[in-house]
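Now for the letters of each chain:
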Amino acid sequence: MTFLYKADPARGKVWARLFAERAPHLPFKIWPDVGDPEQVRYLVAWQPPDDPTRTLPNLEVLFSVGAGVDQFDLSGIAAHVPVVRMIEPGIVEGMVEYVTHAVLTIHRDFFVYAAQQQQVCWRDLPVRSASSCRVGVLGLGMLGTAVLERLRLFGYACAGWSRSEHRIEGVECYAGDSALDAFLARTDILVCLLPLTPATRQMLDARLLGKLPRGASLVQTGRGAHLVQDDLLQLLDDGHLRYALLDVTTPEPLPREHPFWRHPGIRITPHIASATRPETAVESVLDNLRRHQAGLPMIGQIDRHRGY
Ligand code: NDP
């Protein structure tokens, strides 16, 4: 029985050391050194091999090394193999830090001061209270909820939107398509923490972003394909939107000639909002293996029908 890792090889070495310490009985292999493919029961991957259940005929569980599974072609994975996304505290901490920084940057006018510094300009703007700034998070899952729980402590007026009903203390929760317009109308800083699915692909378009109040800003930490890029440029150029902080783009890396790089209202980071931390991720995978072997539901198992 083998556990196979197929993602960044440097991080794979850390996974191998942690598995050797914490699960010495379970042989750990790093792709492309598969050993006997028939022995592979568990695979953790960013990008699984083509036709994984044919390549690894005895595969029992496919783990994503990241929080999302949009990089998987779910139609190519046999239905009896559960697909499990990464739920571990390291991803959450990184995302909370990133979004908190992004919201504070916009709310406390750091965009303006950076531009003023370029012009050697000393000019103060009124300091606005956090409570006067309305933050709205698309997606109330592991990440959206953690982000809102932190932002609430700063005093921001917090809201979130999800598919099903949620209750989060101090957060106005909106659910379903019928509540989306009301959620957008009260949001000054929109944070996208949705998974990429057929329902959310290209969702951040002129129609949706145009329902934000004039002068609103976007923090895009979901996936690049949520965003209609030309619509964002148009809305920034006509002043409907003020700023966009983009951690994810299509494609990645963003090509040198892409207009996003030089737009004064856009800040780009190279998909670093958060990352899986091997130390905590290995613990959560091993916990899920114990659950699987005991016949218990695994934490983070996705619903293939919904796509997340
Ligand atoms: P979860 O699966 O825990 O949460 C997803 C949330 O989105 C849920 O609240 C869900 O609603 C909501 N949702 C999904 N589809 C819809 C829809 N069609 N309409 C309304 N709401 C919807 O995901 P996570 O919080 O763990 O992660 C979210 C995403 O963040 C990841 O999929 C990934 O794309 C991105 N990410 C980005 C990283 C980066 O570095 N930039 C790092 C890690 C993740 P409900 O609760 O009702 O099911």
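Only a predicted model underlies this, so the values are computations on that prediction, with no experimental measurement involved.

### Describing the overall build of the protein
Here's step 1: Helix and strand content of the protein: nine helices and 12 strands.
Here's step 2: Computed over the C-alpha atoms, the radius of gyration of the protein is 21 Å, within 12% of the 19 Å expected from 2.2 N^0.38 for a compact globule of 308 residues.
Here's step 3: When burial is assessed residue by residue, the protein has 51% of its 308 residues classed as buried.
Here's step 4: Surface exposure of the protein reaches about 15100 Å², of which carbon and sulfur atoms provide 53%.

### A look at the pattern of salt bridges
Here's step 1: Scanning the entire structure with this criterion turns up 13 salt bridges.
Here's step 2: A salt bridge links R223 to D70; the nearest nitrogen and oxygen atoms lie 3.0 Å apart. Remark: D70 occurs in the loop between β4 (61-64) and β5 (83-84) and R223 occurs in the loop between β10 (216-220) and α8 (229-237); sequence separation between them is 153 residues.
Here's step 3: We classify R223 as buried; its relative accessible area is 16%.
Here's step 4: Using a relative accessible area of 28% as the deciding quantity, one classes D70 as partly exposed.
Here's step 5: Across the salt bridge formed by K211 and D181, the nearest N and O atoms sit 3.3 Å from each other. Linking K211 in the loop between α7 (206-209) and β10 with D181 in helix α6 (residues 180-185), this pair joins segments that are 30 residues apart in sequence.
Here's step 6: Judged by relative accessible area, which is 40%, D181 ranks as partly exposed.
Here's step 7: Salt bridges sharing common partners tie together D109, R128 and R242.

### Details of the site of the ligand
Here's step 1: Around the ligand lies a shell of 29 residues, among which R85, L140, S164, H166 and Y308 are the nearest.
Here's step 2: T221 places a polar main-chain atom, nitrogen or oxygen, 3.2 Å from a nitrogen atom of the ligand.
Here's step 3: D247 places a polar side-chain atom, nitrogen or oxygen, 2.9 Å from a nitrogen atom of the ligand.
Here's step 4: For the ligand, whose accessible area on its own is 940 Å², the fraction buried by protein is 93%.
Here's step 5: Those elements that provide at least two residues to the shell around the ligand are α3 (89-107), α5 (142-154) and β7 (157-162).
Here's step 6: Residues belonging to the shell around the ligand are distributed by class as follows: 14 nonpolar, 11 polar and four charged.
Here's step 7: Built from parts of two domains, the shell around the ligand gets at least three residues from each of domain 1 (2-88 + 276-293) and domain 2 (89-268).

### So, the UniProt feature "domain: D-isomer specific 2-hydroxyacid dehydrogenase NAD-binding" (unreviewed entry) in the protein
Here's step 1: Summarizing the sequence annotation, UniProt attributes the feature "domain: D-isomer specific 2-hydroxyacid dehydrogenase NAD-binding" (unreviewed entry) to residues 102-273 in the numbering used throughout.
Here's step 2: For residues 102-273, helix accounts for 27% and strand for 20%, while the C-alpha atoms at its two ends are 10 Å apart.

Thresholds applied
Residues numbered from 1 in each chain as written. Predicted model: local features only at pLDDT ≥ 70, side-chain atom pairs only at ≥ 80, totals over all residues. Heavy atoms only, no water. Helix = DSSP H or I, 4+ residues; strand = E, 2+ residues; numbered from the N terminus. Rg over C-alpha atoms; globule rule 2.2 N^0.38 Å. Buried < 20%, exposed > 50% of the residue type's maximum accessible area, 1.4 Å probe, protein only. Areas by Shrake-Rupley, 256 points an atom, 1.4 Å probe, with all protein chains shown as cover. Salt bridge = Lys/Arg side-chain N within 4 Å of Asp/Glu carboxyl O. Near = heavy atom within 4 Å. Polar contact = N/O pair within 3.5 Å; in protein donor to acceptor, adjacent residues only side chain to side chain. Nonpolar A, V, L, I, M, F, W, Y, C, P; charged D, E, K, R; others polar. Domains from an automatic or database assignment. UniProt positions renumbered as here; feature names shortened; annotations may be inferred.

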